[in-house]
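The chain contents come next:
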Amino acid sequence: MSRRNLNTSLRRRSCSNPMAAFDALPPDLRRWLACAHLPWSARSAFRIWQRALRSTKGDRDLALAALRAAEDRTLARDSRRIWGGDYPAPATPPD
């Protein structure tokens, strides 16, 4: 995947073998990452996953909700940075 066309605040780190890192993740997290809207690294997603599991006493559904919330926050922050604070602006009827 070309990184030149990607505009996100997620940090870019190189991984010697990103597929091996992905394959080592728990199945629930791999499924979530496969459908994620942002190109999360296996490392950062796993950190959020572990933190969420600790805080929810092992509840995987709540941990997945925490991942979705983290992605939503990142998308909101990036959209303000890229398109401005009023995006998406309310639709105005044409004159």
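The structure presented is a predicted model; accordingly, all values stated were derived computationally and were not measured.

Colleague: Go over the overall build of the protein chain with me, naming the residues and quoting the values.
Modeller: Scanning the protein chain from terminus to terminus reveals 4 helices and 0 strands. Its helices and strands taken in sequence order, the protein chain reads α-α-α-α from the N to the C terminus. Residues counted as buried form 26% of the 95 residues belonging to the protein chain. Surface summary for the protein chain: the accessible area is close to 7300 Å², and the carbon and sulfur share equals 53%.

Colleague: Give a description of the confidence of the model for the protein chain that names residues and reports values.
Modeller: Chain-level statistics for the protein chain give a pLDDT mean of 83 and a share of 77% at 70 or above. Element-level pLDDT for the protein chain is lowest in helix α1 (residues 18-23), with a mean of 86, against a maximum mean of 95 in helix α2 (residues 27-35).

About the cut-offs
What you see as residue numbers is a count from 1 along each chain, following the sequence as written. Local features in this predicted model are restricted to residues whose pLDDT is 70 or higher, and side-chain atom pairs enter the listing and the counts only when it is 80 or higher, whereas totals over whole chains, interfaces and linings include all residues. Neither water nor hydrogens contribute to the side-chain values; these are computed over all heavy atoms in the structure. Numbering of helices and strands starts at the N terminus; helices are DSSP runs of H or I of at least 4 residues and strands are runs of E of at least 2. For every residue, the accessible area obtained with a 1.4 Å probe (protein chains only) is divided by the maximum for its type, and the residue is called buried under 20%, exposed over 50%, and partly exposed between those limits. What sets the accessible areas is the Shrake-Rupley method with a 1.4 Å probe; for residues, cover comes only from the shown protein chains. Values of pLDDT, which run from 0 to 100, indicate the predictor's confidence residue by residue.

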